[in-house]
Amino acid sequence: MPLSFKHTFSGKPVLWSAVVCASFLSACAAPDTTVSRGTINDPYEEQNRGTHEFNRSLDKVLVRPTSSTYGTAIPTGLQDSIGHFSDNLSLPGDAANHILQGNGEGLGRNILRFAINTTLGIGGLFDPASQMGLERSKTDFGETLYVWGVEEGAYVELPFFGPSTSRDTVGLVVDYSLDPVRLLLPTPERYISTLAMVAARLGDRHTYTATIDSVLYESVDSYTQARSLYLQNRRYELGGRSQDDYDDPYGDADSDPYDSAYSDPYEDLNE
Amino acid sequence: MSNTMTSRRRFLGTTAAAGSVALLLPGMAHALTDARARALIDQVVADINRVISSGQPLSGMIRDFERIFERYADVPIIARSALGPDARGLSGAQLNAYVDAFKGYITRKYGKRFNEFKGGQVTVKDARKVKTFHEVRTTVKLRGEAPFEVNFLVSDRSGRDLFFDMIIEGISLRLSEKEEIGAMLDRRGGNINQLIQDLRNAG
């Protein structure tokens, strides 16, 4: 299990491509509303596995080596600043989603963060807001759809972006198309935000390289590992973790029939 | 049936041997409290913080994390649960060999990952009872990152207070390994001896 797995597989774009649109259309053609927590709905497994192989090759020949160069050539202080800068530019989009979700706390926090980090943090290169206790409250349109009651849908692995679901794929497209920063900035400047974001992701790929390599290259079935990790993390992000989601390996027969041998270990021992 | 019962009992006996307190005082078996669960994770977190701030090379850190797992985690139940229903068909010797191989695998694999916590700080937040066990929430702060949650699930049903899962940002070690071990077994056509063999070098 990766530490901070989400930094690479959070559905935030590593690269943007029109290919995604094609995949998005096929993914959303047949929304499945029967999915429930704890289960995996993967009707496109065959295509997904093909995409997974593509993503793995892409990582191997391009993303991993590039991130390694980036991570070693750029001083960590500068890498941090690029990360902060990119985060700061995603705040207006986060705030827009908070409005749509009716999340006043998140909205207030992000407006304050944006104000503080853009001014005191010199255009977002530093993150004084976090030091004041105003940590980032990250969100996206996928979460807005979740708040609105849209079902998770099918698991999808997107080319370039990695693990997602049909709901999150729609979210990704909407977030990109309606990003206030991209829409409001004039043409050359708007690419800065995309560029900073790609650089920040490369930095993450480098920082968490041990974990990501372990999933992509050391796991027996990297496809199912990535799928499991993504869904666990995403469902947690959206719903938090209620105690009903925990099963008891020591023998709660209702939640984990596998471990009936453990139904009462003490009885066994006292016999 | 009696054969599997015996092997199960032997397995459980090994697991619980150190916790003979639970045998002497059967009433203690379910006496795990929020405070005790928290006390265990306080120790775990103190040890983790010591390792990630030690500045020692990776190999030393991995060894230290192996020790943390051995001392505070209920590795046998994690191992069994990762194997799922297939664990039932094993002989006592196979089960012992499997748990042993799994222990090496899991401590190497996750020991390595803790390297990413280097320079960070783990703080225990609170504890609550869930079903028959306890969840202890901790927060991890790494450089340049928003704090995130790492939850430990603690039970005393092995005979000792031990954690049987570590959930990082919603990602459960136990469930992820269930997926991985299942895939490993499939790849080997269900051959458990081969799995045991390969686990000894994996991670």
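Residues numbered from 1 in each chain as written. Chains lettered and ligands numbered in written order. Predicted model: local features only at pLDDT ≥ 70, side-chain atom pairs only at ≥ 80, totals over all residues. Heavy atoms only, no water.

**Things to note about the pattern of salt bridges**
- Under the defined criterion, the tally for this structure stands at 29 salt bridges over all chains.
- In this structure, Arg227(A) and Glu45(A) form a salt bridge, with 3.6 Å as the shortest nitrogen-oxygen distance. Placement of the pair is Arg227(A) in helix 12 (residues 222–239) and Glu45(A) in helix 3 (residues 45–73), with a sequence separation of 182 residues.
- Its relative accessible area of 9% is what places Arg227(A) among the buried residues.
- Exposure remark for Glu45(A): the relative accessible area of 29% places this residue in the partly exposed category.
- One salt bridge connects Arg67(B) with Asp64(B), and the closest N-O pair in it is separated by 3.0 Å. Of the two residues, Arg67(B) and Asp64(B) are both situated in helix 4 (residues 58–72); the distance of three residues between them amounts to about one turn of the helix.
- Among the charged side chains, a network of salt bridges with common partners joins Asp42(A), Glu45(A), Arg49(A), Asp221(A) and Arg227(A). (Salt bridge = Lys/Arg side-chain N within 4 Å of Asp/Glu carboxyl O. Helix = DSSP H or I, 4+ residues; strand = E, 2+ residues; numbered from the N terminus. Buried < 20%, exposed > 50% of the residue type's maximum accessible area, 1.4 Å probe, protein only.)

**Points about the packing of helix 4 (residues 76–101) of chain A against helix 5 (residues 104–119) of chain A**
All names here are of chain A.
- Two numbers describe how helix 4 lies on helix 5: the axes approach to 9 Å, and their chain directions differ by 160 degrees. Relative to helix 5, helix 4 is oriented roughly antiparallel. Crossing geometry of helix 4 relative to helix 5 is assigned as left-handed. Contacts between helix 4 and helix 5 involve Asn88, Leu91, Pro92, Asp94, Ala95, His98 and Ile99 from the first element and Gly106, Leu107, Asn110, Arg113, Phe114, Asn117 and Thr118 from the second.
- For the contact of helix 4 with helix 5, the residue count by class is six nonpolar, six polar and two charged. (Axes fitted to C-alpha atoms, helices over the stretch in contact; angles between N-to-C directions. Parallel < 35°, antiparallel > 145°, perpendicular 65-115°, else oblique. Left-handed = near helix turned anticlockwise from the far one by under 90°. Contact = heavy atoms within 4.5 Å. Nonpolar A, V, L, I, M, F, W, Y, C, P; charged D, E, K, R; others polar.)

**Considerations on the sheet that holds strand 5 (residues 171–172) of chain B**
Residues and elements named next belong to chain B.
- Across the sheet, five strands lie side by side as 1-2-3-4-5; this open sheet has antiparallel pairing. Where the open sheet ends on each side, the last strands, each with one partner, are strand 1 (121–130) and strand 5.
- Here strand 2 (residues 133–141) pairs with strand 3 (residues 148–155) via seven bridges, running antiparallel. Within strand 3, the position partnered with glutamate 135 by the bridge is leucine 153. (Pairing = 2+ DSSP bridges.)

**Digging into the nonpolar core**
- In this structure, Ile41(B), Tyr98(B), Phe102(B), Phe163(B) and Ile181(B) are the most contacted members of the largest nonpolar core, which totals 65 residues.
- Counting residues in each nonpolar core, the second largest holds 11 residues, with Val63(A), Val156(A), Phe161(A) and Leu202(A) among its members. (Core = buried A, V, L, I, M, F, W, Y, C linked by side-chain atoms within 4.5 Å.)

**Some words on the packing of aromatic side chains**
- For the structure on display, the rule yields 10 aromatic pairs over all chains.
- Between the aromatic rings of Phe117(B) and Phe148(B), the centroid separation amounts to 6.2 Å while the plane-to-plane angle is 70 degrees, which identifies the pairing as edge-to-face. On the criterion of sequence distance, the pair formed by Phe117(B) in the loop between helix 6 (92–113) and strand 1 and Phe148(B) in strand 3 is long-range, its members being 31 residues apart.
- Through a chain of ring-to-ring contacts, three or more aromatic side chains come together here, namely Tyr155(A), Tyr223(A) and Tyr230(A).
- Against the face of Tyr176(A) rests Arg182(A), its NZ or CZ located 4.1 Å from the ring centre. (Phe/Tyr/Trp six-rings, centres within 6.5 Å; stacked < 30°, edge-to-face > 60°. Lys NZ or Arg CZ within 6 Å of the ring centre and 35° of its normal.)

**Regarding the environment of Ala39(B)**
- The topology assignment puts Ala39(B) in helix 3 (residues 34–52).
- Along the primary structure Ala39(B) and Asp161(B) are separated by 122 residues, whereas in three dimensions their C-alpha atoms are 9.6 Å apart.

**Structural notes on unusual backbone geometry**
- Despite not being glycine, Phe160(A) has its phi angle at roughly 70 degrees, a positive value.
- Considering the arrangement of structural elements, one finds Phe160(A) in the loop between strand 1 (155–158) and strand 2 (162–165).
- At Lys131(B), a residue that is not glycine, the phi angle is positive and equals roughly 50 degrees.
- Topologically, Lys131(B) is positioned in the loop between strand 1 and strand 2.

**Topic: the packing of helix 5 (residues 75–83) of chain B against helix 7 (residues 173–187) of chain B**
Residues and elements named next belong to chain B.
- The geometry of helix 5 relative to helix 7 is characterised by a closest axis approach of 7 Å and an angle of 50 degrees between their N-to-C directions. The angle between helix 5 and helix 7 places the two elements in the oblique class. Helix 5 and helix 7 meet at a crossing whose hand is right-handed. Residues Ile78, Ser81, Ala82 and Leu83 of helix 5 touch helix 7, and the partners they reach there are Leu173, Arg174, Glu177, Lys178, Ile181 and Leu185.
- Residue composition of the contact of helix 5 with helix 7, grouped by class: six nonpolar, one polar and three charged.

**As for helix 8 (residues 192–199) of chain B**
Residue and element names in this part refer to chain B.
- Along helix 8, the residues that are buried comprise Ile192, Leu195, Ile196 and Leu199. Buried positions in helix 8, seen along its axis, are confined to an arc of 100 degrees and lie on one side of it.
- On the buried face of helix 8, the contacting elements are helix 5, helix 6 and helix 7.
- Where helix 8 begins, the capping side chain belongs to asparagine 191, and its oxygen is found 3.0 Å from the backbone nitrogen of asparagine 193. (Arc of directions from axis to C-beta. Polar contact = N/O pair within 3.5 Å; in protein donor to acceptor, adjacent residues only side chain to side chain.)

**Digging into the pairing of strand 3 of chain B**
Residue and element names in this part refer to chain B.
- Of all eight residues in strand 3, eight are buried, a share of seventy percent or more.
- In strand 3, alternate side chains face the same way, and those of Phe148, Val150, Phe152 and Val154 on one face and Glu149, Asn151, Leu153 and Ser155 on the other are all buried.
- The turn linking strand 2 back onto strand 3 is made up of six residues, and glycine 144 within it adopts a positive phi angle of 70 degrees.
- Sheet analysis places strand 3 next to strand 4 (residues 162–168), joined by six bridges and oriented antiparallel. Looking across to strand 4, one finds that serine 155 is bridged to leucine 162.
- The antiparallel pairing of strand 3 with strand 4 creates a hairpin that spans six residues between the two strands, and glycine 159 there sits at a positive phi of about 110 degrees.

Honestly, that's just the spatial picture; any functional story needs more than this.
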